[in-house]
Amino acid sequence: MTLHPTAARITARIVERSRGLRGAYLARIDAARQDGPARARLSCGNLAHGFAAAGADKALLRGPRGANLAIVSAYNDMLSAHQPMEHYPALIKMAARNVGASAQFAGGVPAMCDGVTQGRVGMELSLFSRDVIAMATAIALSHEMFDAAVLLGVCDKIVPGLLIGALSFGHLPVILIPAGPMTSGLPNKEKARIRQLHAEGKATREELLDAESASYHGPGTCTFYGTANSNQMLLEMMGLHMPGSAFVNPNTPLRDALTVAATERACAISALGDDYTPIGHTVDEKAIVNAMVGLAATGGSTNHAIHLVAIARAAGILIDWDDLDELSRATPLLARVYPNGSADVNHFHAAGGLGFVIRELLDAGLLHPDIRCVHGGDLRAQAAEPWLDELKLKWRAPPAASLDTAVLRGSAEPFDHSGGLHCLKGNLGRAVVKISAVAPEHRQISAPARIFDSQDALLAAFKAGTLTGDFVAVVRGQGPRANGMPELHKLTPTLAVMQDRGQKVALLTDGRMSGASGKVLAAIHVSPEAICGGAIGKLRDGDLIVIDADSGQMNAQVDAAEWAAREPAQIDLSGNQFGLGRELFAHMRAVATVAEQGGSALFGGLP
């Protein structure tokens, strides 16, 4: 199949834009490869420290042969998505020994749950937790004891952070191992209904807690298609999983078999063998384009408009929102998974899942098949469905046709002829909008601004009954440098209530929204942010704002001379400086890049 002209053009543009940076990155990681086990380069004292507590693996680690895997894990038992990983290290060590290798737990990384911190002060640490995870991953891999790595993580900032950290060791082969989604509970649509009733004061806290507990009810990832499950899709699209690993439920024989297979493969692709597959070469320009196409085709999380930029930058690749927008407009929407539909990821997986999506996009010429996947095949081999024949792990082709066309469709009959994410541009700067969950009649708005400096101020106005008529809620001072760019997911039920009442409403913010951002038009990640002099800070109550998600326009209809003369408002950030550890992140807020450059504190001093 010939590559789609848009995919070919964007890939060529990214290659050219990144040529110098990518070339320097590849030169560094290629120079880092050496023959023989990494530990052989250590002094006797260094090595003795490295295997002193290795028990049964001590003899192998002392000797000159056999790969040694680093296990880097985001396990903690507060996160439902990560709790199943408690026993993975023992399974991985056993699997490595069975192929004449070893594995050591190299380090743990923090793993905060956005679901727990939504609407709370702790959410102001969320975005920068990704950069902390990246640094923690680098520390774990810094001991020069390892020939490959397996990374255990699932959720929002955790997978991007693990990837960014691993890419700084781009000479190492790396495979990511997930835990899978929890089994289906209360349907997401019913959960959203109860949330809206509670926002209106028509459901008690006990009724809301009952609904939430029935939805989030056991081990595994939340079942809606937010950032965590979008992470797993991206890893499949980039060839960093064993095929079909993303959405197999935890604590099942198939899940354990995939973990064993990933371990065996990680041992096989180290520099000690003939299938050397370093992550710095796997994550190339083609893999990043595949990730962007997958994000558009499945209606994935808006957070990846930030995370993918940072992941690419860690591999010496430069992408921007124009790349994402143009690919999205050329990519059909193939999936309807909540919040873009009523189904959850288990229903999506049962209907054909990512194997079906990858095959359809390959057949449409929208994906690069010739990427260097960790399993040894190309991307078409990634479009395979794992299964157990007795106790033997095998793979088979995905279904020839969708098993539920309300959830999953082929590229010939998509839900929409363009993907879920668009870039907005205008005199307010640049922003991202997710349209896959927004009905066509709600994708445009022309309404006066209502200005707020926090999501709590907007909620207070709603409770006071002052949010009447049509309006665009402008929530500013929420960018990376202001307060760490928290998600504003707490606003979703309230805005949905007003929209259901017949008001025309939208959100405009330099902050983030969750991957479950919902059905209300939201122009998010506005760059430059208000605290950096961005035009969003010039807005005043009553200014007419026009947002058109289809055409990509975002403008304040203010007289040009008046607009030019206005000074951005001074936003009081004194309340965001201390408490719940925020004082420890001041240096990160001070140097963070704008959202379109990844909202990261890691790359400011690098070429």
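Residues numbered from 1 in each chain as written. Predicted model: local features only at pLDDT ≥ 70, side-chain atom pairs only at ≥ 80, totals over all residues. Heavy atoms only, no water.

## Section: the pattern of salt bridges
Put simply, the test is: Here, a salt bridge means any Lys or Arg side-chain nitrogen found within 4 Å of an Asp or Glu carboxyl oxygen. Here a helix means four or more residues in a row that DSSP labels H or I, a strand means two or more in a row labelled E, and each is numbered from the N terminus. The rule is simple: take the accessible area with a 1.4 Å probe, protein chains only, and divide by the maximum for that residue type; under 20% is buried, over 50% is exposed, in between is partly exposed.
Taken as a whole and assessed by the stated rule, the structure comprises 33 salt bridges. One salt bridge in this structure joins Asp-456 and Lys-490, with 2.8 Å as the shortest N-O distance. Taken together, the positions of Asp-456 in helix H19 (residues 455-463) and Lys-490 in the loop between helix H20 (480-483) and helix H21 (492-500) put the pair 34 residues apart, joining distant regions of the chain. For Asp-500, the salt bridge goes to Lys-519, with nearest N and O atoms at 3.0 Å. Taken together, the positions of Asp-500 in helix H21 and Lys-519 in the loop between strand S11 (505-509) and strand S12 (522-527) put the pair 19 residues apart, joining distant regions of the chain. With relative accessibility at 31%, the residue Lys-519 sits in the partly exposed group. Where salt bridges share partners, they join Arg-9, Arg-13, Arg-17, Asp-320, Asp-323 and Glu-326 into one cluster.

## A look at unusual backbone geometry
Cis geometry is adopted by the peptide bond preceding Pro-339, which originates at Tyr-338 and carries an omega value of 15°. For Pro-339, the position within the fold is in the loop between helix H15 (321-330) and helix H16 (345-351). Unlike most non-glycine residues, Glu-144 shows phi in positive territory, near 60°. What makes Glu-144 partly exposed here is its relative accessible area of 45%. Positioned with a positive phi, His-525 is a non-glycine residue whose angle comes to about 60°. The topology assignment puts His-525 in strand S12.

## Some words on the packing of aromatic side chains
Each aromatic ring pair is characterised by the separation of its centres together with the angle its planes make. As a reminder of what qualifies: Between the rings of Phe, Tyr and Trp (Trp by its six-membered ring), a pair exists once the centres lie within 6.5 Å; its type follows the angle of the planes, with under 30 degrees stacked, over 60 edge-to-face, and the other angles tilted.
Tallied over the full model, the rule gives one aromatic pair. Pairing Phe-247 with Phe-348 gives two aromatic rings, centres 6.2 Å apart and planes at 75°, and the pair type is edge-to-face. Of the two residues, Phe-247 sits in the loop between helix H10 (227-237) and helix H11 (253-268) while Phe-348 sits in helix H16, which places them 101 residues apart along the sequence. In terms of burial, Phe-247 and Phe-348 fall into one category: buried.

## Points about H21
We count it as follows: We call two residues contacting when some pair of their heavy atoms lies within 4.5 Å.
For H21, the buried fraction is high: eight of the nine residues fall into the buried class. Those residues of H21 lying buried are Thr-492, Pro-493, Thr-494, Leu-495, Ala-496, Val-497, Met-498 and Gln-499. Next to the buried residues of H21 lie helix H8 (188-199), H19, strand S10 (471-475) and S11. With its phi angle positive at about 105°, Gly-502 sits one or two positions after the end of H21.

Read these as layout, nothing more, since geometry by itself doesn't imply function.
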